Amino acid sequence: METEKIEGVILRTTDFGDANRVVTIYTKDFGKLELNAYGCRRAKSSMSGALQIFNHITAEISHGAKVSTIREADVVKFYSNLTADIERLSYAAIFFEIVNRMTLPKFPEPELYNLLIKSLPALNDFDARIAALAGVCQFMEFTGFQLSYFKCAHCGAEIIGDAKINLQEGGAMCEKCDSVTDLAYPENVRMAFAKMLTFDWRGELNLNQQQINSAEEILWQQVRGIIGKELNSIKFIRQLQKN
């Protein structure tokens, strides 16, 4: 049976049976893989601590006729704050669910892999809400779903001052082209998107509350339009914010 070594970040886990788990990993060399890990939930399993969401791991896998299996796994980096705080975990889960839902299997994107690796320390150590927004914003750029933030999506004119965003048109709308159905897009929110798109993940990204709320509303509506429904992770954080 063919085996190989992989390195990646765990996007999602799903338990099945008494002690097994399906693990979705975004890998450095092979893109997104869905792998079975038999017996990994047993206390004595050497893989029990490694195969958790958000972990950066290396693993040995084997390929069968129908499924691929994780044989061994070791943690490269464990981000303890992400699992210790429900709000931090929830925002990280939004970013990772979006990546999982909007990527194809076995289609490697080195820029996306690097984004996941670079974003994890920010999600773990700084404001996870801002880090998740920046991660989604940059992810959209890599995958070609990026909105037009700085030029009118309809006529191409440069956006100056406060404006609107029309998700169906693909981004910002100038005064000449905007309509009553557009989302508010103040100048300082456009500045926030500029910061998020160019953020190099060194240090902390600072945004004010209006920038955060507006950017979040724009991005979450965009994701819902692409996928066709609101993600479970976004529903959960909305409920968490109400309580």
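Computed from a predicted model, the values in this text were never measured in an experiment.

A. Geometry of the packing of aromatic side chains. If you walk through the whole model with that rule in mind, you get eight aromatic pairs. A centroid spacing of 5.1 Å and a plane angle of 75° characterise the contact between Phe54 and Phe96, whose relative ring orientation is edge-to-face. Pair noted here: Phe54 is in the loop between strand S3 (31–37) and strand S4 (56–63) and Phe96 is in helix H2 (residues 86–101), with a separation of 42 residues, a long-range link. With a centroid separation of 5.8 Å and an interplanar angle of 80°, the aromatic rings of Phe95 and Phe96 are classed as edge-to-face. What makes Phe95 buried here is its relative accessible area of 0%. Classification of Phe96 by relative accessible area gives buried; the value is 0%. Three or more aromatic residues link up through ring pairs in this structure, and these residues are Tyr149, Phe150, Tyr185 and Phe193.

B. Representation of the nonpolar core within the structure. Counting residues in each nonpolar core, the largest one holds 61 residues, and the members touching the most others are Phe95 and Phe193. Here this core takes 10 residues from helix H4 (residues 128–143), the largest share from any one element. Formed by 16 residues, the second largest nonpolar core is a distinct cluster that contains Ile25, Cys40, Met47 and Leu51.

C. Structural view of the side chain of Thr103. Secondary-structure assignment places Thr103 in the loop between H2 and helix H3 (110–125). Of note is the side chain of Thr103, whose polar atom sits 2.6 Å from the backbone oxygen of Val99.

D. Structural view of the pattern of salt bridges. If you walk through the whole model with that rule in mind, you get six salt bridges. Close ionic contact of Arg41 with Asp15 constitutes a salt bridge, the shortest N to O distance being 3.6 Å. Of the two residues, Arg41 sits in the loop between S3 and S4 while Asp15 sits in strand S1 (residues 3–16), which places them 26 residues apart along the sequence. Among the residues examined, Arg41 registers a relative accessible area of 31% and is labelled partly exposed. The shortest N-O distance in the salt bridge between Arg202 and Asp200 comes to 3.0 Å. On the basis of relative accessible area, Arg202 is assigned to the exposed category, the value being 66%. Put simply, Asp15, Arg21 and Arg41 are held in one network by salt bridges that share partners.

E. How the structure looks around the packing of helix H5 (residues 187–198) against helix H6 (residues 209–227). The N-to-C vectors of H5 and H6 enclose an angle of 75°; their axes lie 9 Å apart at closest approach. When the interaxial angle is binned, H5 and H6 end up roughly perpendicular. Note on element contacts: H6 touches H5 through Gln210, Gln211, Ser214, Ala215, Ile218 and Leu219, opposite Asn188, Val189, Met191, Ala192, Phe193 and Met196. A breakdown of the residues in the contact of H5 with H6 according to their chemical character gives eight nonpolar, four polar and no charged.

F. Structural detail: the pairing of strand S2 (residues 20–27). Counting buried residues in S2 gives eight out of eight residues, a clear majority hidden from the surface. Relative to S2, S1 runs antiparallel, the two sharing eight bridges. Within the sheet, the bridge partner assigned to Thr14 lies in S2 and is Val22. Hairpin connection between S1 and S2: a loop of three residues separates the two successive antiparallel strands, and Gly17 in this loop has a positive phi of roughly 65°. Relative to S3, S2 is paired through seven bridges, and the arrangement is antiparallel. Counterpart to Val22 in the pairing with S3 is Asn36.

Cut-offs used in this document
- Residues numbered from 1 in each chain as written.
- Predicted model: local features only at pLDDT ≥ 70, side-chain atom pairs only at ≥ 80, totals over all residues.
- Heavy atoms only, no water.
- Phe/Tyr/Trp six-rings, centres within 6.5 Å; stacked < 30°, edge-to-face > 60°.
- Helix = DSSP H or I, 4+ residues; strand = E, 2+ residues; numbered from the N terminus.
- Buried < 20%, exposed > 50% of the residue type's maximum accessible area, 1.4 Å probe, protein only.
- Core = buried A, V, L, I, M, F, W, Y, C linked by side-chain atoms within 4.5 Å.
- Polar contact = N/O pair within 3.5 Å; in protein donor to acceptor, adjacent residues only side chain to side chain.
- Salt bridge = Lys/Arg side-chain N within 4 Å of Asp/Glu carboxyl O.
- Axes fitted to C-alpha atoms, helices over the stretch in contact; angles between N-to-C directions.
- Parallel < 35°, antiparallel > 145°, perpendicular 65-115°, else oblique.
- Contact = heavy atoms within 4.5 Å.
- Nonpolar A, V, L, I, M, F, W, Y, C, P; charged D, E, K, R; others polar.
- Pairing = 2+ DSSP bridges.

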